[in-house]
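What follows is the residue order along each chain.
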Amino acid sequence: MTSIQSKGTALVTGASAGIGAIYADRLAKRGYDLIIVARNAQRLEALAEKLRKETGRNITAVAADLGDKAALAKVEHILRDDASITLLVNNAGVGSVASILQDNVDEMEAMIDLNITALTRLTYAVAPGFVARGAGTIINISSAVGIAVEALNGVYSASKSYVLSFGHTLQRDLSDKGVRIQTVLPAATATDFWDVAGYAPQKSKPTTMSAEDLVDAALSGLDQGELVTIPPLHDGEQWLRWEADRRAFASNFGNAKPAPRYTI
Ligand SMILES: NC(=O)c1ccc[n+]([C@@H]2O[C@H](COP(=O)([O-])OP(=O)(O)OC[C@H]3O[C@@H](n4cnc5c(N)ncnc54)[C@H](OP(=O)(O)O)[C@@H]3O)[C@@H](O)[C@H]2O)c1
């Protein structure tokens, strides 16, 4: 039991395992009460009980399949109505290593429902309250393959590019209203993600990070005020240069006439 003053409530999705379970642990130890969300009620309740004992925080487990509209609406409702919520961690996600010729399109649609639609709807649910209260933080878990898009399954990579782009526009729309945004790009991390994605050996490769190191680094990035945190990228300046180039490049599109190279 700690005597740290409460920082409000953090709602963490995908908290029954992997990266989300470590976020739950670290945030409870930082003084947040928690609402932890995932499908597996038993694993969620076991984590809730452990963290209650260790930290004395209020921990509520909400079993919900975020790919299911009705269950997702229940979590949106919590985010809209519970004014104690100060932090949303959009972490729940699934991946795949299969190519378009091996994949089932229904599984890809389910991935989009979770990785994109649920993350978007939960963000839309929480943002107005954060703006009204002039404070709140949204952490969205993207992936290094949101940039290194050829590495894994195309729909997965594209879903994580979406999360990165969405974070930039959330920053544009919400940062002057007291809302903090952080997009986190893990690379390979040792979780059950790889069993679900179809390449379990990745978990024990020497280049794979532990979920504990990943989350501790991501929270350090949050403490440092970063908009985008890439824990495995050692040369942080490389991201800043790439981002500056992107913004400079984006200023070159305002021409009514096509480029001369397209003259017929
Ligand atoms: N591990 C990596 O190498 C890696 C790299 C880059 C990015 N990421 C991203 O990190 C995030 C967390 O992944 P992880 O590595 O921690 O994977 P994980 O260990 O497989 O955990 C995924 C979590 O999401 C929950 N979840 C899955 N489907 C759900 C659904 N339909 N509704 C609600 N919850 C659901 C799972 O719980 P239930 O089964 O109980 O629902 C679990 O708690 C994901 O967004 C992933 O894309 C992971």
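Everything below is about the structure printed above this text.
These numbers were taken from a predicted model, which means no experiment stands behind them.

**Description of the environment of Q171**
Step number 1: Along the chain, Q171 turns up in helix 5 (residues 154-174).
Step number 2: C-alpha separation for the pair Q171 and A135, spaced 36 residues apart in sequence, amounts to 13 Å.
Step number 3: Leaving out residues up to four positions away in the same chain, Q171 has contacts with I181 and L227.

**Topic: the pairing of strand 1 (residues 9-13)**
Step number 1: Counted residue by residue, strand 1 has five buried out of five residues, so it is predominantly covered.
Step number 2: With burial as the criterion, each face of strand 1 is covered, one bearing T9, L11 and T13 and the other bearing A10 and V12.
Step number 3: As paired strands, strand 1 and strand 2 (residues 33-38) are joined by five bridges and run parallel to one another. If you follow A10 over to strand 2, its bridge partner there is L34.

**Focus: the site of the ligand**
Step number 1: Not every one of the 30 residues close to the ligand is listed here, only the nearest: R39, N91, Y156, T189 and T191.
Step number 2: Contacts to the ligand include S16, whose side-chain N or O atom sits 2.8 Å from an oxygen atom.
Step number 3: Within the backbone of T189, an N or O atom sits 2.8 Å from an oxygen atom of the ligand.
Step number 4: Considered on its own, the ligand offers 880 Å² of accessible surface; in the complex 94% of this is hidden by protein.
Step number 5: One can see that the ligand is located within the largest pocket.
Step number 6: Classifying every residue of the shell around the ligand gives 15 nonpolar, eleven polar and four charged.

**Observations regarding the nonpolar core**
Step number 1: Residues L11, V37, L66, V75, L79 and I138 are the most contacted members of the largest nonpolar core, which totals 34 residues.
Step number 2: Elements supplying a minimum of two residues to this core: strand 2, helix 3 (69-81), strand 4 (85-90), helix 4 (105-133), helix 5 and strand 6 (179-184).
Step number 3: Tallying contributions element by element places helix 4 first for this core, with eight residues.
Step number 4: With near-sequence residues (within four places) excluded, L79 lies in contact with L11, I85, L88, L122, A125 and V126.

**Thoughts on helix 1 (residues 18-29)**
Step number 1: Counted at 1.5 Å a residue, the expected span for helix 1 with its twelve residues is 16 Å, and the 17 Å between its end C-alpha atoms agrees.
Step number 2: Of all twelve residues in helix 1, nine are buried; the element is thus mostly enclosed.
Step number 3: Along helix 1, the positions that sit buried rather than exposed are I19, G20, A21, I22, Y23, A24, D25, L27 and A28.
Step number 4: Looking one or two residues beyond helix 1, the residue adopting positive phi is G31, at roughly 105 degrees.

The rules behind the values
- Residues numbered from 1 in each chain as written.
- Predicted model: local features only at pLDDT ≥ 70, side-chain atom pairs only at ≥ 80, totals over all residues.
- Heavy atoms only, no water.
- Helix = DSSP H or I, 4+ residues; strand = E, 2+ residues; numbered from the N terminus.
- Contact = heavy atoms within 4.5 Å.
- Buried < 20%, exposed > 50% of the residue type's maximum accessible area, 1.4 Å probe, protein only.
- Pairing = 2+ DSSP bridges.
- Near = heavy atom within 4 Å.
- Polar contact = N/O pair within 3.5 Å; in protein donor to acceptor, adjacent residues only side chain to side chain.
- Areas by Shrake-Rupley, 256 points an atom, 1.4 Å probe, with all protein chains shown as cover.
- 1 Å grid on protein atoms, 1.4 Å probe; cavity = no way out; pocket = protein on both sides within 12 Å on 5 of 7 lines; lining within 4 Å.
- Sits in = over half its atoms within 2 Å of the grid points.
- Nonpolar A, V, L, I, M, F, W, Y, C, P; charged D, E, K, R; others polar.
- Core = buried A, V, L, I, M, F, W, Y, C linked by side-chain atoms within 4.5 Å.
- Expected span 1.5 Å × (residues − 1).

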